[in-house]
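# A structural walkthrough
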Amino acid sequence: MNKLITAIALTASVGFATAVHAHDHMPLPTLAEILLSDGDEFDTNQNDFDIVTQAILLCSGLAAPASDPDAELTVFLPTDKAFRILAEDVFGVSIEDEMELFMTLGTKLGCGGEDALIEPVLKYHVVGQKLFSGDVLAAGDGFDVPTLLMGATFTTDFKGKGQIRLADNEPALRDPILRAFDIEASNGVAHVIDRVLLPIAVIAD
């Protein structure tokens, strides 16, 4: 078990993860404050969270819960690179510029209206309770993780590879892997993933 935890302890690759824990004697930030810790503008750092932050702020009802100090949430955060990979895998476009990528995904996935997929995708990344990495490991391989997207779950998939993989509902694409974990907030905990979790199959047979 310790070997597994060590193998996925890659928080140094995520800028704010170290900063959040550097002053443990200080009050913990909320999940919203963690998301905004590097600012709320697009940049050239593909390992931060500008795209998911903007999506939450502009397209979703998740901004209020992320700011609620009394909430108990777990958020699986896709990096900006994860969204670039999503655009390549699903739409066949390669976009480096984050603003252009955000606008393209917003156009293709929709923000508001009956056909919008952004909000369901975001809710699929949030669990209504605190789940630290130890809780995920204790739940075991094949555990169905309930999300804020009603009735939708993803599944833990360890596969003996020293990684925590999360199997979503799109079998045609590679599943996300936890790349950093246990970024604790006052109202929850965040884990970093390298792909976007998809609640439905989006690749045609």
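Residues numbered from 1 in each chain as written. Predicted model: local features only at pLDDT ≥ 70, side-chain atom pairs only at ≥ 80, totals over all residues. Heavy atoms only, no water.

### Focus: the packing of helix α4 (residues 50-59) against helix α7 (residues 98-109)
It is the contact of α4 with α7, at a shortest axis distance of 10 Å, that shows an interaxial angle of 45°. Accordingly, the angle class assigned to the pair α4 and α7 is oblique. Handedness of the crossing formed by α4 with α7: right-handed. Contacts between α4 and α7 involve D50, I51, Q54, A55 and L58 from the former and E98, L101 and F102 from the latter. In the contact of α4 with α7, the residues fall into five nonpolar, one polar and two charged. (Axes fitted to C-alpha atoms, helices over the stretch in contact; angles between N-to-C directions. Helix = DSSP H or I, 4+ residues; strand = E, 2+ residues; numbered from the N terminus. Parallel < 35°, antiparallel > 145°, perpendicular 65-115°, else oblique. Left-handed = near helix turned anticlockwise from the far one by under 90°. Contact = heavy atoms within 4.5 Å. Nonpolar A, V, L, I, M, F, W, Y, C, P; charged D, E, K, R; others polar.)

### Comments concerning the sheet that holds strand β5 (residues 165-167)
Strand order in the open sheet formed by three strands is β3-β4-β5, and the pairing between neighbours is antiparallel. The open sheet has two edge strands with one neighbour each: β3 (144-146) and β5. Neighbour-to-neighbour, the strand axes of the sheet open up by a mean angle of 40°, direction not taken into account. Pairing analysis gives three bridges linking strand β4 (residues 153-157) to β5, with the strands arranged antiparallel. Of the residues in β5, the one forming a bridge with T156 is L166. (Pairing = 2+ DSSP bridges.)

### Brief notes about the packing of aromatic side chains
The geometry of an aromatic ring pair is captured by two quantities: the separation of the ring centres and the angle between the planes. Tallied over the full model, the rule gives three aromatic pairs. For the ring pair F42 and F102, a centre distance of 5.5 Å and an interplane angle of 45° mean the geometry is tilted. Placement of the pair is F42 in the loop between α3 (31-35) and α4 and F102 in helix α7, with a sequence separation of 60 residues. Exposure remark for F42: the relative accessible area of 24% places this residue in the partly exposed category. Measuring from ring centre to ring centre gives 5.8 Å for Y124 and F154, while their planes differ by 85°; the resulting arrangement is edge-to-face. Here the residue Y124 occupies a position in the loop between α8 (118-123) and β2 (126-127), and F154 occupies one in strand β4, the gap between them amounting to 30 residues. Residue classification places Y124 among the buried residues on the basis of a relative accessible area of 0%. Aromatic rings pair up to connect F76, Y124 and F154 into one cluster. (Phe/Tyr/Trp six-rings, centres within 6.5 Å; stacked < 30°, edge-to-face > 60°. Buried < 20%, exposed > 50% of the residue type's maximum accessible area, 1.4 Å probe, protein only.)

### What about the packing of helix α6 (residues 80-91) against α7?
Each pair of packed helices can be described by the angle between their axes along with the distance between the axes. At a minimum axis distance of 11 Å, the contact between α6 and α7 shows a crossing angle of 50°. On the basis of the axis angle, α6 is oblique to α7. Handedness of the α6/α7 crossing: left-handed. On α7, the residues touching D80, F83, R84, L86, A87 and F91 of α6 are E98, L101, L105, K108 and L109. Classifying every residue of the contact of α6 with α7 by side-chain character gives seven nonpolar, no polar and four charged.

### Overview of empty space enclosed by the protein
In this approach, a probe sized like a water molecule rolls over the atoms, and the result shows the empty space that is left. Here the structure, examined in full by the defined rule, presents four cavities of 30 Å³ or more. Its boundaries defined by the atoms lining it, the largest cavity holds a volume of some 100 Å³. Forming the walls of the largest cavity are L31, L35, V52, I56, L62, A66, L73, V75, L122, H125 and V126. In terms of lining residues, the second largest cavity is bounded by A82, I85, L86, D89, D168, L173, R174, R195, V196 and L198. (1 Å grid on protein atoms, 1.4 Å probe; cavity = no way out; pocket = protein on both sides within 12 Å on 5 of 7 lines; lining within 4 Å. Points joined across faces, edges and corners; volume = space filled by probe spheres on them.)

### Here's the deal with the layout of surface pockets
Put simply, the second largest pocket is a space of about 160 Å³. Residue lining of the second largest pocket: 17 residues in total, with A55, F102, L105, G106 and I118 positioned closest to the centre. Those elements giving two or more residues to the lining of the second largest pocket turn out to be α4, α6, α7 and α8. For the lining of the second largest pocket, the element with the highest residue contribution is α7, accounting for five residues. The class makeup of the residues in the lining of the second largest pocket is 16 nonpolar, one polar and no charged.

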